[in-house]
Amino acid sequence: MTLPREVDAVVIGAGPNGLVAANRLADAGWDTLLLEAQPEVGGAVRSDREVHPDFVTDTFSAFYPMAVASQVINGLQLEEHGLVWRHAPAVVGHSRGDGSWAIVHRDLDITAKLLDEEHPGDGAAWRALVDQWHKIGPSLIDALVTPFPPLGPGLRAMIKLPRVGGLSFLRELLSPAANILEQEFGGEAVRLLLAGNALHADIPLDAAGSGFLGLLLIMLAQNVGFPVPEGGAGKLSEAMRDRFVNHGGAVVCDAEVTKINISCGVATGVAVHDQLVRVRRAVLADVAAEHLYGRLVTFDELPPRVRVMMAGFRRDPATFKIDYALNGPVPWRTQPPYAPGTVHISDSYEELVIAFAQLSAGSIPDRPFLLMGQMTTADPTRSPDGTESMWAYTHVPQRVLSDAGGTLTGSWDDADEAERFADRMQDRIEQRAPGFSERIIARRILTPLDLERRDASLVGGSLNGGTAALDQQLIFRPIPGLGRASTPIRGLYLASASAHPGGSVHGACGMNAARAALTHARLAPRRAVSKPAST
Ligand SMILES: Cc1cc2nc3c(=O)[nH]c(=O)nc-3n(C[C@H](O)[C@H](O)[C@H](O)COP(=O)(O)OP(=O)(O)OC[C@H]3O[C@@H](n4cnc5c(N)ncnc54)[C@H](O)[C@@H]3O)c2cc1C
């Protein structure tokens, strides 16, 4: 691998944010080099055939509502580069302890009918909620994916606020998932769907912010669905890579950046082990905040406050994932009325609260909340006819202090520990779907440590680039005062999910970084680089 000696910009890391950033810079005519440590692009948006050669498995993420709902990735027109979106018959289903289902279907009439069957009147309340969301939701999403403060989209959202109830609506948005919409719905279904979706992030259900996340996801479920790329998650990354290369960009994989070079407070290039690449304009880092600050750039090269504030940077919980190749569909004891792509498993709302509280206490949950993907249900190309490519994941503490369900210690590299926890998760599926275990052709366990080995940015197996709690959002992400992509080093930008607006595949962190680099470059002259780079 011989790298170019000098380019306009280097993007470190080819996760969705790095790929978006690289595309934006290439669109602006910048000579851009994208360097990726792993053998393939995609970061946590990749697929593989390791579980079984006939089955495509999404190694990490799987469903991409934010990619289609926001203009950032949607605006790249990836369909022209081979991307095809597929949808399951139903979007998301919550399987309860009694086997019954709470379901969101993309057809509003069907969702409303199902909610009414459970509690008369909830269908009409759902329609009213969806109607209200149509008036303001798109502006809220625009505001979310714009650098903070989101002046334009924020203003547009404020103008629409009176049409949706003004301050009452704003207060509702800020309510915890435990309380939001409690007046509107008589049945449990919406509360459960909202709480389960809120727990895709790590904000406690009784804390402000969780309600908004839950609402956002259930409204996305209704309005855009939870789409998957035909052929596997990796197809989304490949489409972004192909578009970038078609626009003149260069990608090098198996190229871990080991240092960002700084001279007089300016980023001048990167080192990939013993090779140097100089930059004329910028370095954009789609890497974990704690890898950027303190490792790729040493604390000595940064203002002292960065070291102090990074000491307070918090990760979200670790993730434990199991991938399955099944010889048939999941044999649900009570079949859902429409087969969902995304499935949540917890007996009740109370059980969700308990599982989250155990996590917060450093305890491995005894009855883990499972998020599952029935991928062949969503995209029949994933595995042979009549089979199912499926996964389930849950969260475990970053630092395990105890086990609420037995004697695990969280030593995940111990195969026995990992198998025992995987069995605990699988028992939950078996209870809902007797005979599930007999359908398993192959199973792969990805512990938090395995996830991090496959993507260094998933520090400790966390999936959102740092906690989504309010004290680490907006201008506090990743540390107070750095709510924008720029860093204390001129020409260096944080482009990963550790930056605002955080985790999920929307590409906004990458787009914000690219826009900041382009804006600053317009204001500053192009740098002359005189010394030849060593190789
Ligand atoms: C198990 C799991 C399930 C998820 N499910 C969903 C989902 O269904 N929907 C959703 O929207 N989101 C989901 N997410 C979250 C989502 O995948 C992430 O928020 C998103 O991938 C973050 O993108 P990123 O580009 O910031 O970082 P990443 O995707 O983590 O990519 C970072 C890239 O940078 C590379 N890198 C790091 N350091 C270096 C270096 N020094 N040199 C070179 N390369 C480097 C890494 O190898 C990696 O390829 C999930 C995540 C996980 C782990």
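Residues numbered from 1 in each chain as written. Predicted model: local features only at pLDDT ≥ 70, side-chain atom pairs only at ≥ 80, totals over all residues. Heavy atoms only, no water.

Focus on the overall build of the protein
Okay, step 1: A tally of helices and strands in the protein yields 17 helices and 20 strands.
Okay, step 2: Relative to the 2.2 N^0.38 estimate, which gives 24 Å for 535 residues, the radius of gyration of the protein is 23 Å and therefore close to what a compact globule would have.
Okay, step 3: Counting all 535 residues of the protein, 59% fall into the buried class.
Okay, step 4: Once local pairs closer than 6 in sequence are excluded, the contacts in the protein between residues at least 24 apart make up 73%.
Okay, step 5: Summed over all atoms, the accessible surface of the protein reaches about 20,300 Å², with 53% contributed by carbon and sulfur. (Helix = DSSP H or I, 4+ residues; strand = E, 2+ residues; numbered from the N terminus. Rg over C-alpha atoms; globule rule 2.2 N^0.38 Å. Buried < 20%, exposed > 50% of the residue type's maximum accessible area, 1.4 Å probe, protein only. Contact = heavy atoms within 4.5 Å. Areas by Shrake-Rupley, 256 points an atom, 1.4 Å probe, with all protein chains shown as cover.)

Looking at the site of the ligand
Okay, step 1: Close to the ligand lie 31 residues; Glu36, Phe63, Asp286, Asp455 and Ser504 are nearest.
Okay, step 2: Here Phe63 contributes a backbone N or O atom positioned 2.7 Å from a nitrogen atom of the ligand.
Okay, step 3: Measuring from an oxygen atom of the ligand, one finds a side-chain N or O atom of Asp455 at 2.6 Å.
Okay, step 4: Bound to the protein, the ligand loses 93% of the 1,000 Å² it would expose on its own. (Near = heavy atom within 4 Å. Polar contact = N/O pair within 3.5 Å; in protein donor to acceptor, adjacent residues only side chain to side chain.)

Considerations on the confidence of the model for the protein
Okay, step 1: With 98% of its residues at a pLDDT of 70 or more, the protein shows a mean pLDDT of 93.
Okay, step 2: This stretch, residues 530–535, has a pLDDT under 50; its non-local contacts, to residues over four places away or in other chains, come to eleven contacts. (pLDDT = per-residue confidence, 0-100.)

Remarks on the sheet that holds strand 13 (residues 318–326)
Okay, step 1: Reading across from one edge, 7-6-14-16-17-13-19 is the order of the seven strands in this open sheet, with mixed pairing throughout. At either end of the open sheet lies a strand with only one pairing partner, and these are strand 7 (101–104) and strand 19 (440–446). Strand-to-strand twist of the sheet, defined as the mean angle between neighbouring strand axes without regard to direction, takes the value 20 degrees.
Okay, step 2: Note: strand 14 (residues 340–345) against strand 16 (residues 370–374), four bridges, orientation antiparallel. From the neighbouring strand, Thr342 faces strand 16, where its bridge partner is Gly373. (Pairing = 2+ DSSP bridges. Axes fitted to C-alpha atoms, helices over the stretch in contact; angles between N-to-C directions.)

Notes on helix 17 (residues 508–523)
Okay, step 1: With 16 residues, helix 17 extends 23 Å from end C-alpha to end C-alpha; this agrees with the ideal 22 Å at 1.5 Å per step.
Okay, step 2: Those residues of helix 17 that are buried lie in contact with helix 1 (16–27), helix 3 (71–74), strand 12 (275–285) and strand 20 (492–494). (Expected span 1.5 Å × (residues − 1).)

As for the side chain of Asp323
Okay, step 1: Position of Asp323 among the secondary structure elements: in strand 13.
Okay, step 2: Among the polar contacts listed, one links the side chain of Asp323 to the side chain of Lys321, at a separation of 2.5 Å.
Okay, step 3: Residues contacting Asp323, with those up to four places away along its chain left out, are Val51, Thr57, Asp58, Met390, Trp391, Ala442, Arg443, Arg444 and Leu446.

Looking at the pattern of salt bridges
Okay, step 1: Under the definition given, this model contains 34 salt bridges.
Okay, step 2: The residue Arg454 makes a salt bridge to Glu50 at a minimum N-O spacing of 2.9 Å. Of this pair, Arg454 sits in helix 16 (residues 448–454) while Glu50 is found in the loop between strand 3 (47–48) and strand 4 (57–58), placing the two residues 404 residues apart along the sequence.
Okay, step 3: Overall, Arg454 belongs to the partly exposed group, its relative accessible area being 24%. (Salt bridge = Lys/Arg side-chain N within 4 Å of Asp/Glu carboxyl O.)

Things to note about the pairing of strand 17 (residues 388–396)
Okay, step 1: In terms of residue burial, strand 17 counts as a mostly covered element, since nine of its nine residues are buried.
Okay, step 2: Of the two faces of strand 17, the one lined by Glu388, Met390, Ala392, Thr394 and Val396 and the one lined by Ser389, Trp391, Tyr393 and His395 are each fully buried.
Okay, step 3: In terms of strand pairing, strand 13 meets strand 17 through nine bridges, oriented antiparallel. Paired with Phe320 across the strands is Thr394, a residue of strand 17.
Okay, step 4: In terms of strand pairing, strand 16 meets strand 17 through four bridges, oriented antiparallel. Counted as the bridge partner of Leu371 is Tyr393 from strand 17.

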